[in-house]
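Overview (structure and organization)
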Amino acid sequence: MRRFILLFALVLMTQYASAQLTRATISGRVTDPTGAVVANAQVIATNVQTGSKTTAKSNGDGYYNLPYLSSGRYDLTIKRSGFKTYLHRDLVLQTEQHVVENVTMALGSVSQHVVVTGKTPLLNTANASTGEVLSPEMMESLPLNGGSPLGFAHMMFGAVAKGKHSMAQVRPFDNQTADDFSLGGGFSSSNELLLNGVPNMQNSGRTAGFSPMMDAVSAVKVSEFNANAAVGGTSGGVVDITTKSGTNHFHGSATEHYAGSRPLQARPYFQPKGSKVQSTHYNQFGGTIGGPVWIPHVFNGRNKLFFFYAYQGYRGTEPSTVITSVPTAQERQGNFSVLCSAGFTNGVCNNPSEQLYNPYSAYQVGTNVYRKPIPDNTLSNAGLNVSPVAKKYMALIPLPNFTGSSTKPDGENNYFASDPRTNDYGSEQGRLDYIISGSNKIDFEAHRSEYDNEQNNYFHNILSGSTSKVVLWGGLVNDVENFSSTLSLESRLGFSRSENSNEPSSIGVSPTTVGFPQYMASNATQLAIPPMYFGDTASIATLGGSPGGKSDFDTLQLFTDLTKNLNRQTIEVGTDIRLNKNSTVSGTQADGWFAFTNGTGDLVAQSNTAPGQPFGGSLAEFVIGVPPYGGYTVNKRYQYNSWYFAWFAQDNWRVTPNFTFTGGVRIIHETPVVESNNHQTVAFDPNAVNGVTQQAIANYKANPNSALPVADFKPYGGVVYASPGHRGADGFA
């Protein structure tokens, strides 16, 4: 698919901003007191915190442009012989901000200074882009529920959060809550999410990625519309989070937030007396440190090399209780006599619906199948044994521990479990900024986070519970080169990766450990104890668990942006190339699964039309070892790839000092998704010889049907898998 996007704008303004994804720009015009232009004036922007200097000269029309500036506090100095030196102190630049500073030079000596201390203009008059930037000072003063920078995006200009998430807590790992908002009237969750200009999304569905610690964030920029062809790749808006860098002074921070509920709350109604009561509590903590790289007597990185590091942790539990049913001590031995509340006569329950029947004694009468009773509902009386697989499962099932209003003599609701849901999160990030020279700067950034969520571990062992894991990491290398006062280049190589998985507590445990044959483990993509599902009217917890899917999503980006100033024109050209890779494997039924039913016609009912027992039928099938249903899946691994190519060019022509004509074009080409291992089907071939063709023809020749001649019997046809030379979907004659 090829898409062509033409960005064309007429904007009334004093100067146009070459809006980079993370950098700021200062531009303007230098004139004398009569309004005549001042050419060849030296313009210097000095970062107050790092000492970094960026220089330029005003051109023949008096215009100057200082692109690719990191956010921070600057001193702007303009010098020209015959004029007093112009100095604007503490000019604050934010992410993607373009400040227009038109200067009228006063006559005098260069040694004389005209000092300006005015604040940075709040109103953007440089371009037609709309959006809002939150500075660290603003973020510190605003309330935030959860500590994720994306939580601020819900509240910013032009943002509309989906109703269910508009007031929700946004913790660093609440990714789907964090990104569920629309910008500028676009679709929800369709925005481009960036971290230091690099795509920061977990998948093609644009789920939010890594969440930096709040104390490590320099700015949160939300753009509903960006009037620059350099920005694209989304039908919604853009959210760009910029992280802090080190400065010439050592700075750090430490945070700690704790919340708990249990000490002052009453015991839950269904909590058994004497059992431990779980509380809702969490502890969110972290710290940062940054400054110059300094090794005593070896290296002093002031004005040269800076570092910044941040760590954040979250430990939390949310109480959860469950009342379920487990086999009694007698049932584990095959004695289900407790299921019959009406008593037995000659070994048969006086209530037929509470009688168990032998699944191996079936006989047919007409169209129905009948079974013989199990005397006294005790398996050994019918010559039946407890399944060796069931024995190994039941060895991991706790005995009944609960008697309450819902508990019945047949064993229903006889087990209570306090199963708190736990959230365990940790993240770290580091940044290194190196000022190679006044014209060349490079920075490196790396980050990683891991989130583990454990729940439903009713038995507190490998037979119950699951853990979902999300690992996010990435980084970038960004280089800014000012070749001259009129030619600058920014190049960035970025990478992000997400690893999502959902695993039962028994992950890594072979099915052979509970008595299953080796072949069930040989073909499994992941090892786990096969799940046992129960269909009784009263709750019986699932035993074991099927491995969940694993998905790894990688994005690699190469971004370049070249800016050239030509008198009244600023030309900007560049590329945005991305490779997306999605590696997936499904663990569903990888080790097999089995379901035990309790309904009409189940395997321990009197007949195929008889109703099942009120309770315990599925448990009896499990103990005997006769599951009515089951499955086993051999899963394949897939790796999907797609490329995104974008080329852009833009011309900002200053027709007059207060009128600029802007025209831009962005050409986008996105490749179709392909699968690396050729496991994707692309067509159906009706003439293909499949795996059963030859045997089917031989069988039909041996026993043909007079209605269809042997020569006309053609059991052909099959799917066509992709190959390096054939990846497109088409048909066959």
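Residues numbered from 1 in each chain as written. Predicted model: local features only at pLDDT ≥ 70, side-chain atom pairs only at ≥ 80, totals over all residues. Heavy atoms only, no water.

Some points on the overall build of the chain
Along its length, the chain carries seven helices and 42 strands. Within the chain, buried positions represent 49% of all 733 residues. Considering only contacts in the chain between residues 6 or more positions apart, those separated by 24 or more positions represent 70%. Here the chain has roughly 33000 Å² of accessible surface; of this, 56% comes from carbon and sulfur atoms. (Helix = DSSP H or I, 4+ residues; strand = E, 2+ residues; numbered from the N terminus. Buried < 20%, exposed > 50% of the residue type's maximum accessible area, 1.4 Å probe, protein only. Contact = heavy atoms within 4.5 Å. Areas by Shrake-Rupley, 256 points an atom, 1.4 Å probe, with all protein chains shown as cover.)

With respect to the environment of A610
When you line up the elements, A610 lands in the loop between β36 (593-596) and α6 (617-624). When the C-alpha atoms of A610 and P352 are compared, they prove to be 9.9 Å apart, with 258 residues separating the residues in sequence. Beyond its immediate stretch of four places on either side in the chain, A610 contacts G599, T600, G601 and A605.

Comments concerning the pairing of strand β19 (residues 281-292)
Note: strand β18 (residues 251-260) against β19, 10 bridges, orientation antiparallel. Note that in β19 the partner of G252 across the bridge is I289. Bridging between β19 and strand β22 (residues 305-318) involves 12 bridges; their strand directions are antiparallel. Looking at the pairing, F285 lines up with G313 of β22. (Pairing = 2+ DSSP bridges.)

Structural notes on the sheet that holds strand β4 (residues 53-57)
Strand order in the open sheet formed by five strands is β4-β3-β6-β7-β10, and the pairing between neighbours is mixed. Each edge of the open sheet carries a strand with a single partner, namely β4 and β10 (113-116). With direction set aside, neighbouring strand axes in the sheet form an average angle of 20°. Two elements, strand β6 (residues 72-79) and strand β7 (residues 85-93), share six bridges in a ladder whose sense is antiparallel. Considered in β7, the bridge of Y74 is made with L91. (Axes fitted to C-alpha atoms, helices over the stretch in contact; angles between N-to-C directions.)

With respect to the sheet that holds strand β33 (residues 532-534)
Pairing is mixed across the open sheet formed by three strands, whose spatial order is β33-β36-β37. Looking at the sheet topology across the chains shown, the edges are occupied by β33 and β37 (629-631). If you compare each strand with its neighbour and ignore which way they point, the axes differ by 15° on average. The pairing of β36 with β37 spans three bridges and is classified as antiparallel. Its bridge partner lying in β37, F594 is registered against G630. Packed on one face of the sheet, α6 meets β33 and β36 and runs near 150° to β33.

Notes on empty space enclosed by the protein
What the rule picks out here adds up to eight cavities of 30 Å³ or more. Considering only enclosed or pocket space, the largest cavity measures out at about 100 Å³ in volume. Lining the largest cavity are 17 residues, and of these L150, A208, G209, F210 and S211 lie nearest its centre. Among the elements of the structure, α3 (175-178), β14 (192-195) and β17 (238-243) are those that each provide at least two residues to the lining of the largest cavity. Residues of the lining of the largest cavity, tallied by class, amount to 10 nonpolar, five polar and two charged. Here the second largest cavity is characterised by a volume of approximately 70 Å³. Considering the residues around the second largest cavity, the lining is formed by 14 residues, among which N200, M201, W473, S496 and R497 are closest to the centre. Those elements giving two or more residues to the lining of the second largest cavity turn out to be β31 (466-482), β32 (487-504) and β34 (550-566). (1 Å grid on protein atoms, 1.4 Å probe; cavity = no way out; pocket = protein on both sides within 12 Å on 5 of 7 lines; lining within 4 Å. Points joined across faces, edges and corners; volume = space filled by probe spheres on them. Nonpolar A, V, L, I, M, F, W, Y, C, P; charged D, E, K, R; others polar.)

Let's talk about the pattern of salt bridges
Under the defined criterion, the tally for this structure stands at 21 salt bridges. A salt bridge links R578 to E192, with the nearest nitrogen and oxygen atoms 2.8 Å apart. You can see R578 sitting in strand β35 (residues 569-585) and its partner E192 sitting in strand β14, a full 386 residues away along the chain. Exposure class is identical for R578 and E192. Each is buried. In this structure, the salt-bridge partner of D576 is R666, at a minimum N-O distance of 3.3 Å. Note that D576 is positioned in strand β35 and R666 in strand β39 (residues 659-670), a separation of 90 residues in sequence. (Salt bridge = Lys/Arg side-chain N within 4 Å of Asp/Glu carboxyl O.)

Some points on unusual backbone geometry
What you tend to see is this: most non-glycine residues have negative phi, and most peptide bonds are trans. Unusually for a residue other than glycine, D90 sits at a positive phi of about 50°. Tracing the backbone shows D90 in strand β7. With a relative accessible area of 39%, D90 lands in the partly exposed category. At H297, a residue that is not glycine, the phi angle is positive and equals roughly 65°. With respect to the helices and strands, H297 occurs in the loop between β20 (294-295) and β21 (299-300).

Some details on the environment of V38
With respect to the helices and strands, V38 occurs in the loop between β2 (24-31) and β3 (42-47). A sequence separation of 65 residues divides V38 from V103, and the C-alpha atoms of the two residues are 9.8 Å apart.

What about α6?
Burial analysis of α6 places eight of its eight residues in the buried class, which makes it a mostly covered element. Every buried residue of α6 is listed here: G617, S618, L619, A620, E621, F622, V623 and I624. Looking at the buried side of α6, the elements it contacts are α4 (388-394), β33 and β36. Of the residues trailing α6, G625 is marked for its positive phi of about 95°.

A short note on helix α7 (residues 693-702)
Listed as buried for α7 are T693, I697 and Y700. For α7, the angular spread of buried residues about the axis comes to 65°, placing them on one side. For α7, the exposed residues lying more than 90 degrees away from the buried face are Q694, Q695 and A702. (Arc of directions from axis to C-beta.)

Considering the nonpolar core
Counting residues in hydrophobic clusters, the biggest one holds 38 residues, and the most contacted among them are Y393, F459, F516, M532, F534, L543 and F622. Among the elements of the structure, α4, β28 (415-418), β33, β36 and α6 are those that each provide at least two residues to this core. Here this core gets five residues from one element, more than from any other, and that element is α6. Residue contacts for Y393: discarding those within four places in its chain leaves L463, V514, F516, I529, P530, M532, L543 and F622. Of all hydrophobic cores here, the second largest spans 25 residues; its members include F152, A161, V217 and V222. (Core = buried A, V, L, I, M, F, W, Y, C linked by side-chain atoms within 4.5 Å.)

Here's the deal with the side chain of Q94
Here Q94 is to be found in the loop between β7 and β8 (98-100). Its relative accessible area of 16% is what places Q94 among the buried residues. With sequence-adjacent residues up to four places away left out, Q94 is seen in contact with A24, S71, V133, S135, S218 and A219.

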